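Given next are the chains, with one letter for each unit.
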Amino acid sequence: MLDWIKNINKEYPDFWKLYLAKFETKSNRYVILNTETTGLNPKKDVILSFGAIGVVNDVIRIADNFEVVILQYKYLHDNGLSNEFLIESKLSKLAEPQAIQSLVEYIGNAVLVGHRIHFDIEMINDVLEKMECGKLKNEALDIEIMHQKLMDITKSFSLDDLIKQYKVPQAERNSASDDAYSIALLFLKLKTRLGFK
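Definitions and limits used
- Residues numbered from 1 in each chain as written.
- Predicted model: local features only at pLDDT ≥ 70, side-chain atom pairs only at ≥ 80, totals over all residues.
- Heavy atoms only, no water.
- Helix = DSSP H or I, 4+ residues; strand = E, 2+ residues; numbered from the N terminus.
- Buried < 20%, exposed > 50% of the residue type's maximum accessible area, 1.4 Å probe, protein only.
- Axes fitted to C-alpha atoms, helices over the stretch in contact; angles between N-to-C directions.
- Parallel < 35°, antiparallel > 145°, perpendicular 65-115°, else oblique.
- Left-handed = near helix turned anticlockwise from the far one by under 90°.
- Contact = heavy atoms within 4.5 Å.
- Nonpolar A, V, L, I, M, F, W, Y, C, P; charged D, E, K, R; others polar.
- Pairing = 2+ DSSP bridges.
- pLDDT = per-residue confidence, 0-100.
- Arc of directions from axis to C-beta.

**Q** Can you break down unusual backbone geometry residue by residue, with the values?
**A** A positive phi is found at asparagine 57, a non-glycine position, where the angle reads about 50 degrees. Inspection of the secondary structure puts asparagine 57 in the loop between β2 (47-56) and β3 (59-70). Residue classification places asparagine 57 among the exposed residues on the basis of a relative accessible area of 58%. Phi is positive for aspartate 58, which is not a glycine, with a value near 60 degrees.

So this is what it looks like as structure tokens:
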């Protein structure tokens, strides 16, 4: 009972209050999100980078994009991984709390779209919990599930499988943003075939 009372009176960071206020209206914007992580365990693994791109009225908005590398030196050092990518990358580099805050400000109340998006959301929520915020409130669509519904099957499909199946032109796919763009193209094809607005 005391935890419940404590949560009601909890003082959230300002960026989180602004984020929550955005849900008073519904968005017509989709944010295609791709998260690069060190593995699949939200309690043990960490986020290395985000790539995201906006879609409005079935148009991919190239100028509406977000990409950031998260500085994770301790994790990389403790696990014997190279930090060459972090050092060499020309992308914005932020500490985890600043990167998550920037992402939350970018996505606003948009519908999130990704490949196995619920895993991405779980990783983000784990960091938000450490920052004493709530969980993301955004609706989410998963292109793998959209494909499964369209084909009426339950088999798993990697992002590469879907790219080949729908003949999506492939860039070099060197970053989270490259994958986000491929996911955006897949999303628009699936959205049309499933016939939803």
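Now that the structure has been shown, the text picks up again.
**Q** Quick rundown of the packing of helix α7 (residues 143-151) against helix α9 (residues 176-194)? Include the residues and the values.
**A** Their axes nearest at 10 Å, the elements α7 and α9 cross at an angle of 30 degrees. By the criterion of interaxial angle, the relationship of α7 to α9 is roughly parallel. Crossing geometry of α7 relative to α9 is assigned as left-handed. In this structure, α7 contributes Ile143, Met146, His147 and Leu150 to the contact, and α9 contributes Ile183, Leu186, Phe187, Leu190, Lys191, Arg193 and Leu194. Classifying every residue of the contact of α7 with α9 by side-chain character gives eight nonpolar, one polar and two charged.

**Q** How would you summarise the side chain of glutamate 96 if you had to cite specific residues and measurements?
**A** Within the secondary structure, glutamate 96 sits in helix α5 (residues 96-107). Setting aside its immediate chain neighbours within four residues, glutamate 96 contacts Ile70, Gln72, Val127 and Lys130.

**Q** Let's hear about the sheet that holds strand β4 (residues 93-94): which residues, and what values?
**A** Judged by pairing direction, the sheet is mixed, and its six strands sit side by side in the order β4-β3-β2-β1-β5-β6 without closing on themselves. In the strand order of this sheet, the two ends are held by β4 and β6 (140-142), each with one partner. By the bridge criterion, two bridges tie β3 to β4 in an arrangement that is parallel. Across the sheet, valine 69 pairs through a bridge with lysine 93, a residue of β4. Contacting β5 (111-114) and β6, α7 crosses the sheet at an angle of about 60 degrees to β6.

**Q** How would you sum up the confidence of the model for the protein? Please name residues and give values.
**A** Chain-level statistics for the protein give a pLDDT mean of 86 and a share of 83% at 70 or above. When pLDDT is averaged over each helix and strand of the protein, the minimum, 47, is found for helix α1 (residues 2-8) and the maximum, 98, for β5. Across residues 1-7, where pLDDT falls below 50, the model places zero contacts with residues more than four positions away in sequence or in other chains.

**Q** Just give me the short version of the pairing of β3, but keep the residues and values in it.
**A** Both β2 and β3 contribute to a ladder of eight bridges, which runs antiparallel. If you follow glycine 51 over to β3, its bridge partner there is glutamate 67. The hairpin turn running from β2 into β3, its antiparallel successor, is two residues long, and asparagine 57 in that turn takes a positive phi close to 50 degrees.

**Q** Any details on helix α2 (residues 14-21)? Residues and values, ideally.
**A** In an α-helix, one turn spans 3.6 residues; hence positions three or four apart end up facing the same way. Those residues of α2 that sit buried are Phe15, Trp16 and Tyr19. What you see down the axis of α2 is that its buried residues fit within an arc of 100 degrees, all on one side. Turned more than 90 degrees from where α2 packs its buried face, Asp14 and Leu18 sit exposed. Check the buried side of α2 and you find it contacts α5 and α6 (117-130).

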